[in-house]
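# What the coordinates show
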Amino acid sequence: MLDLLNNVSRTKPIGLQVKQEWIETDMPKMRIFAAAAAVALLLSACATQPAYSPPKQPVPADWENNPHPGKRSAVAANGQWWTQLGDPAIDSLVSSAFADNPTLAQAAARVDQAKAAAGVASAQRLPAVNGNASATRAQTQNTLGGSSTTMLESSSSVGADFSWEIDLWGRIRESVSAAQRRLDARTADAQGARLSLAAQVANTSLALRACAYSLQVRDADIASRETELALTRKRRAVGYIAPSAEFSALTNLANARTARISQQEQCTRNVDALVALTGQPAAAVRRLLLPTASNADPQESSAILDDVAHVMPTPPAMQPELPATVLRDHPSLVSAERLLAAAWSDIGVARAQRLPTISLSAMLSGNWLRAVGNSVNFTSWSAGPGLTVPLFDGGAGAANVDAATGRYREAAATLQSTLRTVVQNVEDALAFQTSAEDRVKSSQDAVDAAQLSFRASQAQWRAGAISMFELEDIRRQRQTAEENFIAAKRDQGQAWISLMQATGQIDNPG
């Protein structure tokens, strides 16, 4: 071992001389290597398929259910359309939902994941450099001629290696494009999640308010039926009516109470939904949205309807932009189109993986060895291109291309389906809006007429012209009209919210 170390030490200058001679005599080879690298870089502009072009989709010229064709109006400049309802309670609950909602947190996490994946893909464009180091200490024992010798050896090395794949067929370029396009899709999904959340909060808030007002109407109905039952029992006691009349009044009262219980359950469900959406406690939700108790007697006045008209928001008039504009920016369609573009890039990646690859690699290493009091060190390096050619893969490469093509066709069908769904949702929202506005007007007319009828009947009852039974029947007709008006006001607001959601009116969180 000692002789070997001595020989290595003695030949070290010769080794240096050989390296110098190689550098001097093989300059043509280095020029060839440089030329090959330059050619490879030029070939990196090659592509396995044409550039992506979004497919043309049939878009209607205008909305079929638009009540005022040609008239357009826009939402708030910052996209916060719910603020146009002029309802501070809804504004507060939407802000709370944006600040703390698991669905938005999931969407944001998916955006971060897509951003990281885009970073990983982009890193393939650059060379990879790795460092390495090692150190060992060993003991060997040699036995020769009845004597043994123990020898300790120490060795260490430090080096680095370099590798860079030349993007000959655009595999890396398409991988980066696919990752970036998926990031765009996840960003659009996050915007859609904010839009959906704001619509859910606003819709449920209106539903809770309407439910609470309907409870007041039902309470008035129950009070009316209790009065009717009391009168029926008095008339039965003096023999004016048969016992079946009392049983009928009892049945009507029980049915009214049952309906009131179901209504209360729906109100509670609405509160629970807002708690889940906003993270606010139930007490805070009720304090924001539920009407305060009124000292007025609902059986003798229209205080409930006056309160509804002031508290239930009346949305501003809004006509959507032309379909081409709405469909261009809708988050659902943006997401679907970006995923289609990513699927197109995946086809290019799958095709490029079936073709030869060229990579450049280099290595530099320093080594130190010490044994029996002697040491030696030397440096080694290597550099050159490498070629990998797929020869046989059992058809896996072709199957990967077919799979990527199938995913592209699926994404194209998804985009087409999403487009049709968005158009349908906008048309349905426009029809809902027209219907709700007409029902608000007609139900208001019905309330006004019922109120006049009740007041006239009340005067007749006081004059003895009609009975209490007839008066209570007319009172319940008025209450039915009031409940229809409350439902129409709720639908008016929800129809406007549905139109905002259907047209993809996203806000700008930045």
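### Overview of the overall build of the protein
Looking only at helices and strands, the protein has 12 helices and 4 strands in total. Residues classed as buried in the protein amount to 36% of the 510 residues present. Across the protein, every contact between residues at least 6 apart in sequence was considered, and the portion connecting residues at least 24 apart equals 83%. For the protein, the exposed surface amounts to about 27,500 Å²; the carbon and sulfur share of it is 56%.

### Thoughts on the packing of helix H3 (residues 88-99) against helix H5 (residues 171-237)
H5 packs onto H3 with a crossing angle of 140° between their chain directions and a minimal axis gap of 10 Å. When the interaxial angle is binned, H3 and H5 end up oblique. In terms of crossing hand, the pair formed by H3 and H5 is right-handed. Contact residues: Ala 89, Ile 90, Leu 93, Val 94, Ala 97 and Phe 98 in H3; Arg 194, Leu 197, Ala 198, Val 201, Ala 202, Ser 205, Leu 206 and Arg 209 in H5.

### So, the state of the cysteines
The final tally for this structure, using the stated rule, is 1 disulfide. Through a disulfide, Cys 211 is tied to Cys 267; the S-S separation comes to 1.9 Å. Because the torsion about its S-S bond is -105°, the bridge between Cys 211 and Cys 267 counts as left-handed. Here Cys 211, found in helix H5, pairs with Cys 267, found in helix H6 (residues 243-278); they are 56 residues apart in sequence, far enough to count as distant. When sorted by exposure, Cys 211 lands in the same class as Cys 267, which is buried.

### Some details on empty space enclosed by the protein
Across all of its chains, the model carries 1 cavity of 30 Å³ or more by this definition. The volume enclosed by the largest cavity comes to roughly 50 Å³.

### Description of the packing of aromatic side chains
Tallied over the full model, the rule gives 4 aromatic pairs. Aromatic pair Trp 82 and Phe 98: ring centres 5.5 Å apart, planes at 80°, arrangement edge-to-face. One end of the pair, Trp 82, is in the loop between helix H2 (27-43) and H3; the other, Phe 98, is in helix H3, and 16 residues separate them in sequence. Of the residues examined, Phe 98 reaches a relative accessible area of 18% and is grouped as buried. The ring centre of Phe 98 lies 3.9 Å from the NZ or CZ of Arg 194, which sits over that ring. When the ring centre of Phe 454 is taken as origin, the NZ or CZ atom of Arg 478, which lies over that ring, is 4.6 Å away.

### Considering the nonpolar core
Residues Trp 81, Val 201 and Ile 497 are the most contacted members of the largest nonpolar core, which totals 61 residues. The greatest single-element share of this core, amounting to 13 residues, is contributed by H5. Here Val 201 is in contact with Leu 93, Val 94, Ala 97, Leu 274, Leu 277 and Thr 278, once residues within four sequence places are set aside. With 12 residues, the next largest nonpolar core counts Val 308, Val 440, Val 447 and Ile 486 among its residues.

### Observations concerning the side chain of Asn 203
With respect to the helices and strands, the residue Asn 203 is situated in helix H5. Relative accessible area serves as the criterion here: at 19%, Asn 203 is assigned to the buried category. If we ignore the near neighbours within four places in the chain, the residues touching Asn 203 are Gln 494 and Ile 497.

### Considerations on the layout of surface pockets
Volume-wise, the largest pocket comes out at about 270 Å³. Looking at the largest pocket, the residues that line it are Pro 54, Pro 55, Gln 57, Val 59, Leu 327, Arg 328, Leu 333, Val 334, Glu 337, Leu 415 and Leu 419. Contributing elements (two or more residues each) for the lining of the largest pocket: helix H9 (323-329), helix H10 (331-352) and helix H11 (396-462). It is H10 that provides the largest number of residues to the lining of the largest pocket, a total of 3 residues. Of the residues in the lining of the largest pocket, the class split is 8 nonpolar, 1 polar and 2 charged. Empty space within the second largest pocket amounts to approximately 230 Å³. The wall of the second largest pocket is formed by 10 residues, among which Ala 108, Val 111, Ala 190, Gln 191 and Arg 194 lie closest to the centre. Looking at the lining of the second largest pocket, the elements with two or more residues in it are helix H4 (102-123) and H5. In terms of residue count, the dominant contributor to the lining of the second largest pocket is H4 (5 residues). Looking at the lining of the second largest pocket, its residues break down into 6 nonpolar, 2 polar and 2 charged.

### Focus: the environment of Ala 336
Take Ala 336: it is sitting in helix H10. With a relative accessible area of 9%, Ala 336 lands in the buried category. For the pair Ala 336 and Leu 419, spaced 83 residues apart in sequence, the C-alpha separation works out to 9.1 Å. Once you skip the residues sitting within four places of it in the chain, Ala 336 turns out to touch Leu 415 and Thr 418.

### Looking at H10
Along an α-helix, a turn takes 3.6 residues, which lines up residues three or four apart on a common side. Here H10 contains 22 residues, and its C-alpha end-to-end distance of 32 Å stays within 8% of the 32 Å for a straight helix at 1.5 Å per residue. Burial analysis of H10 places 18 of its 22 residues in the buried class, the great majority of the element.

### Quick word on the confidence of the model for the protein
Summary statistics for the protein give a mean pLDDT of 84 and a share of 84% for residues scoring 70 or more. Here residues 1-27 is modelled with pLDDT under 50, and outside its nearest four sequence neighbours on either side it reaches 15 contacts, counting other chains as well. When the criterion is pLDDT under 50, residues 40-44 qualifies, and its contacts beyond four places in sequence or with other chains add up to 10 contacts.

### Let's talk about the pairing of strand E3 (residues 357-371)
In terms of strand pairing, strand E2 (residues 147-166) meets E3 through 14 bridges, oriented antiparallel. Its bridge partner lying in E3, Ala 160 is registered against Leu 364. Bridging between E3 and strand E4 (residues 374-388) involves 15 bridges; their strand directions are antiparallel. The residue bridging Arg 370 from the neighbouring strand is Ser 375, located in E4. Here E3 hands over to E4 after 2 residues, with Val 372 in that stretch at a positive phi of 50°.

Calculation notes
- Residues numbered from 1 in each chain as written.
- Predicted model: local features only at pLDDT ≥ 70, side-chain atom pairs only at ≥ 80, totals over all residues.
- Heavy atoms only, no water.
- Helix = DSSP H or I, 4+ residues; strand = E, 2+ residues; numbered from the N terminus.
- Buried < 20%, exposed > 50% of the residue type's maximum accessible area, 1.4 Å probe, protein only.
- Contact = heavy atoms within 4.5 Å.
- Areas by Shrake-Rupley, 256 points an atom, 1.4 Å probe, with all protein chains shown as cover.
- Axes fitted to C-alpha atoms, helices over the stretch in contact; angles between N-to-C directions.
- Parallel < 35°, antiparallel > 145°, perpendicular 65-115°, else oblique.
- Left-handed = near helix turned anticlockwise from the far one by under 90°.
- Disulfide = S-S within 2.5 Å.
- 1 Å grid on protein atoms, 1.4 Å probe; cavity = no way out; pocket = protein on both sides within 12 Å on 5 of 7 lines; lining within 4 Å.
- Points joined across faces, edges and corners; volume = space filled by probe spheres on them.
- Phe/Tyr/Trp six-rings, centres within 6.5 Å; stacked < 30°, edge-to-face > 60°.
- Lys NZ or Arg CZ within 6 Å of the ring centre and 35° of its normal.
- Core = buried A, V, L, I, M, F, W, Y, C linked by side-chain atoms within 4.5 Å.
- Nonpolar A, V, L, I, M, F, W, Y, C, P; charged D, E, K, R; others polar.
- Expected span 1.5 Å × (residues − 1).
- pLDDT = per-residue confidence, 0-100.
- Pairing = 2+ DSSP bridges.

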